[in-house]
2 protein chains.
Amino acid sequence: MTNLTNLSPAEFRRLVRTGDFTSPTSGYCPGYTQANLVIVPQRYAYDFLLLAQRNPRPCPVLEVSDAGSRGLTNFATDVDLANDFPKYRVYRGGELNEEVTSVERLWQDDFVSFLIGCSFSFEAELLAAGIEVRHITEGVNVPMYNTNLPLQGAGALHGNMVVSMRPIPASQVSKAVEVTAAMPRVHGAPIHVGNPASLGIKDLSHPDYGDSVTIKDGELPVFWPCGVTPQNAIMQSKLPLVITHAPGHMLITDVLNADLKGNG
Amino acid sequence: MTNLTNLSPAEFRRLVRTGDFTSPTSGYCPGYTQANLVIVPQRYAYDFLLLAQRNPRPCPVLEVSDAGSRGLTNFATDVDLANDFPKYRVYRGGELNEEVTSVERLWQDDFVSFLIGCSFSFEAELLAAGIEVRHITEGVNVPMYNTNLPLQGAGALHGNMVVSMRPIPASQVSKAVEVTAAMPRVHGAPIHVGNPASLGIKDLSHPDYGDSVTIKDGELPVFWPCGVTPQNAIMQSKLPLVITHAPGHMLITDVLNADLKGNG
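Residues numbered from 1 in each chain as written. Chains lettered and ligands numbered in written order. Predicted model: local features only at pLDDT ≥ 70, side-chain atom pairs only at ≥ 80, totals over all residues.

1. Notes on the overall build of chain A
- Across its full length, chain A holds six helices and 11 strands.
- By the compact-globule yardstick of 18 Å for 264 residues, chain A fits well, its C-alpha radius of gyration being 18 Å.
- If one aligns the C-alpha atoms of chain A with their principal axes, the spans along those axes are about 50 × 45 × 30 Å.
- Counted over contacts in chain A with a minimum sequence separation of 6, partners at least 24 positions apart contribute 77%. (Helix = DSSP H or I, 4+ residues; strand = E, 2+ residues; numbered from the N terminus. Rg over C-alpha atoms; globule rule 2.2 N^0.38 Å. Contact = placed C-beta atoms within 7 Å.)

In structure tokens form, the structure reads like this:
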């Protein structure tokens, strides 16, 4: 196989497209934005877009495809949304139906694809600012928790916010807020610092998704809005058909993380 | 009539609701955000929301009502969207059909109301920063121009960006950028400084909308994305029915301009 470390995003996507890369994308094409995916038939697209408009922190929409299109305009050219994620999940009636490396055979003329910002982008900036990201150090998935924070519902879609947690030394919390606040298109600043109980989180060592991480003396648990939130909301609505990326198996776009600073 | 200068936004809206105030809202309830309005039947709401998602600078959506609802959740309580703008314009097939002080009798169960951010908010901040706003000094409407900058279309909706222009002394341009960049929910930073020809604007003294203003020696014309943009796009699509506020006749919300800093 080609040496993967020096590939451009376009070269990487072509490798994914042909089925030659089917693994998690973390660490590939460093510096480039990776994105989450939600595909719904057009009749459900308004509620989803409205949910995102009303809850931009957990659901930062980067780009929305035209109905039926497998291409994008802003975040990547030479892209095939039906093949360029290494792995997809297909949900029918709210239940996981299959995990596949291509959704070409399932494609419908009324599919609308939502590309959603991901914390990978701000983690790169945290590291660049000299802030350790514990789950990266420990080689596990970020811990994520259901909260008692209700979303503003949209049509049939509603639910509570899901948050991701990163332990940060007290002396660096302010810096971590500053760095991530500058990136509103990928979740932005933390929504909470320090008191999991007030979010309804009972036990940090038992996350609802992902893995638990070490919290050292002198560190505070810092909570960011998480992209699992809109996926959960749409699953709970038990739509006949929803397609998402498989966790960790993202689209690598042509846009640098650095270019996500500010409001786009 | 009540002394209008000390009214709260809720008191002001009640006066509008009963038909006791039908004038432009500029200068009332200082410090509070005033908002534009676009109402469309629900079947057109997705294209409009997508147009806004793709063109957030000229079309910053503050809040979207639930279909059929005349209320809001975030920007005002005790609000009646069918009565609380002092004047409305009703467009049928893309043509202005009537101007009315209430749209209660026209209200449909499928109406979706879009509340859109307005440059009034950032002008207050410019003044607070010691930057003169020429059209306010001269007591006229802001000059606005059609440009050659195409929007990213959404379904049936497309068009070019409309910009507003404020002459700024060269020494204050940087400050004006800084102040407005901090308010992305009300158009944000200028999109262009200094060269109208490159936007396709032939003559600054003949604006396409609003009034011309004096440009003094040592001042540069500074151009911001303008809320007329989405109104134009939706008019051009000749929908059977669209309702907007009448120019200058805005909703006064419960939210302070100062609270629009950042990304909400």
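There is more to say, and it comes next.
2. Brief notes about the interface of chain A and chain B
- Facing 12 residues of chain A, the contacting portion of chain B comprises 12 residues.
- Secondary structure elements with two or more residues in the side of chain A that touches chain B: α2 (42–54) and β2 (61–64) of chain A.
- Looking at the side of chain A that touches chain B, the element that brings in the most residues is α2(A), giving five residues.
- Residue classes in the side of chain A that touches chain B are distributed as seven nonpolar, five polar and no charged. (Nonpolar A, V, L, I, M, F, W, Y, C, P; charged D, E, K, R; others polar.)

3. Considerations on helix α5 (residues 173–181) of chain B
Residue and element names in this part refer to chain B.
- Turning to α5, its buried residues number three or more, namely Ala176, Val179 and Thr180. Down the axis of α5, the smallest arc covering the buried residues is 90°, so these residues share one side. In α5, the exposed residues that point more than 90 degrees away from the buried face are Ser174 and Glu178. (Buried ≥ 20, exposed ≤ 12 C-beta atoms within 10 Å, placed from the backbone. Arc of directions from axis to C-beta.)

4. Structural notes on the relation of the copies chain A and chain B
- Its rotation angle being 180°, the transformation that places chain A on chain B also includes 0.0 Å of axial translation and leaves an RMSD of 0.0 Å. These values place the two chain copies in the arrangement generated by a two-fold rotation axis. For chain A, the smallest separation between a C-alpha atom and the rotation axis is recorded for A:Tyr46, amounting to 2.5 Å.
- An overlap of 100% is found between the interface residues of chain A and their copies at the interface of chain B, pointing to a shared contact surface. (Least-squares fit on C-alpha atoms with pLDDT ≥ 70 in both.)

5. Here's the deal with the domain arrangement of chain A
All names here are of chain A.
- When its domains are assigned, chain A resolves into domain 1 (4–118 + 234–260) and domain 2 (120–230).
- Look at where the C-alpha atoms of domain 1 and domain 2 centre, and you get two points 22 Å apart.
- Facing 25 residues of domain 1, the contacting portion of domain 2 comprises 24 residues.
- Looking at the side of domain 1 that touches domain 2, the elements that each hand over two or more residues are β1 (32–41), α2 and α6 (228–236).
- Among the elements that take part in the side of domain 1 that touches domain 2, α2 stands out by supplying six residues, more than any other.
- Split by residue class, the side of domain 1 that touches domain 2 holds 13 nonpolar, nine polar and three charged. (Domains from an automatic or database assignment.)

6. Comments concerning the sheet that holds strand β7 (residues 160–169) of chain A
All names here are of chain A.
- What the four strands build is an open sheet, ordered β6-β7-β9-β8; its pairing is antiparallel. Each of the sheet's edge strands pairs with one partner strand only, and the pair in question is β6 (144–150) and β8 (192–193).
- Pairing of β7 with strand β9 (residues 219–225), which is carried by seven bridges, proceeds in the antiparallel orientation. Across the sheet, the residue bridging to Ile168 is Leu220, located in β9.
- Across the sheet, helix α5 (residues 173–181) lies against β7, β8 and β9, angled at about 15° from β9, the strand it touches most.
- Running over the sheet, α6 touches β6, β7 and β9 and is turned about 155° from β7. (Pairing = 2+ DSSP bridges. Axes fitted to C-alpha atoms, helices over the stretch in contact; angles between N-to-C directions.)

7. A look at the nonpolar core
- A:Phe48 and B:Phe48 are the most contacted members of the largest nonpolar core, which has 144 residues in total.
- It is α2(A) that provides the largest number of residues to this core, a total of eight residues. (Core = buried A, V, L, I, M, F, W, Y, C linked by C-beta atoms within 7 Å.)

8. Some points on unusual backbone geometry
Residue and element names in this part refer to chain B.
- Not every positive phi belongs to a glycine, and His187 is a case in point at roughly 85°.
- Mapped onto the elements, His187 comes out in the loop between α5 and β8 (192–193).
- Not every positive phi belongs to a glycine, and Lys238 is a case in point at roughly 55°.
- Within the fold, Lys238 resides in the loop between α6 (228–236) and β10 (242–245).

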